[in-house]
Amino acid sequence: MTIHSQKSIVVLISGNGSNLQALIDAQSQGLFHGETFSGKIKAVISNKPDAYGLVRAEKAGIDALCVDHHQFNQKSSFEAQLIETIDQYQPDLLILAGFMRILSSDLVQHYLGKIINIHPSLLPKYKGLHTHRQVLENGDKEHGTSVHFVTAELDGGPIIAQRRIYVEAHDTEQSLVEKIQQQEHQLYPQVVSWFCADKLEFRQKDGTARAILDGKIL
Ligand code: GAR
């Protein structure tokens, strides 16, 4: 007998949503589906009403919602509304795909072990903003992107997977964005497929958080 459990996935975005599109395409190609498992993007939520990612979601027939942070005086009331909106879908996995708000530790705790983020640097290098600029200013020869579990420390949770690129003399911030996003569009769907297949998990022991793939610490 095959056991078939469908994981509910919610994606948070703030902008263009090219990573969201890569996830939607991967889902259509069956990457989140196996004999004994599957995952489905149930909703896309943006904190910005004009985020193009909402259009991408609608085109794919996925619920597209906005919780506009400008409508709230306090971060706590924005996050309360965000949680209420997300929890309608009872997500097994919450994916940050270019979601540009810093989440409070309370919100992170609510979804601990189920939130992943993609960040355009080879973490732990260059947490926060303007990663491409810093790479160019520092004359780095290598750059990359990281997918990690989210913990209360900004861009500091356990790393699941990374992709590297070479930085060339003619590179600009824009060319780095393009090269990095090409890598992201392959990497993120891959990580989500691991999660759907129960290959990937978050474990916390003695205050140390770890990402585990196929039973091995990453
Ligand atoms: C992505 O490159 C992602 O790594 C970055 O925002 C971009 C979103 O692009 N995320 C962060 O900087 C998070 N700190 P997209 O909207 O086209 O997917």
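Residues numbered from 1 in each chain as written. Predicted model: local features only at pLDDT ≥ 70, side-chain atom pairs only at ≥ 80, totals over all residues. Heavy atoms only, no water.

## Focus on the sheet that holds strand β10 (residues 216-217)
Sheet architecture is open: three strands sit in the order β8-β9-β10, paired in antiparallel fashion. Looking along the sheet, the strands with just one partner apiece sit at the ends: β8 (200-205) and β10. By the bridge criterion, two bridges tie strand β9 (residues 208-213) to β10 in an arrangement that is antiparallel. Paired with Leu213 across the bridge in β10 is Lys216. (Pairing = 2+ DSSP bridges. Helix = DSSP H or I, 4+ residues; strand = E, 2+ residues; numbered from the N terminus.)

## Re the pattern of salt bridges
Evaluation of the coordinates by the stated rule reveals nine salt bridges. Of the charged contacts, one joins Lys125 and Asp140 as a salt bridge, the two residues approaching to 3.2 Å between their closest N and O atoms. Within this pair, whereas Lys125 is found in the loop between β5 (115-119) and α5 (131-137), its partner Asp140 is found in the loop between α5 and β6 (142-149), the two being separated by 15 residues in sequence. Looking at Lys125, the relative accessible area reads 44%, which means it is partly exposed. Classification of Asp140 as buried rests on a relative accessible area of 13%. With its nearest N and O atoms 3.1 Å apart, the salt bridge here joins Glu173 to Arg133. Remark: Arg133 occurs in helix α5 and Glu173 occurs in helix α6 (residues 173-196); sequence separation between them is 40 residues. Residue classification places Glu173 among the partly exposed residues on the basis of a relative accessible area of 34%. (Salt bridge = Lys/Arg side-chain N within 4 Å of Asp/Glu carboxyl O. Buried < 20%, exposed > 50% of the residue type's maximum accessible area, 1.4 Å probe, protein only.)

## Let's talk about the site of the ligand
What surrounds the ligand is the set Asn16, Gly17, Ser18, Asn19, Gly98, Met100, Ile118, His119, Pro120, Gln181 and Glu184. A distance of 2.6 Å is found between an oxygen atom of the ligand and a side-chain nitrogen or oxygen belonging to Ser18. At a separation of 2.9 Å, an oxygen atom of the ligand approaches a polar backbone atom of Asn19. Relative to its unbound accessible surface of 450 Å², the ligand loses 86% to contact with the protein. Elements represented by at least two residues in the shell around the ligand include exactly α1 (18-28), β5 and α6. Per-class residue counts for the shell around the ligand are three nonpolar, seven polar and one charged. (Near = heavy atom within 4 Å. Polar contact = N/O pair within 3.5 Å; in protein donor to acceptor, adjacent residues only side chain to side chain. Areas by Shrake-Rupley, 256 points an atom, 1.4 Å probe, with all protein chains shown as cover. Nonpolar A, V, L, I, M, F, W, Y, C, P; charged D, E, K, R; others polar.)

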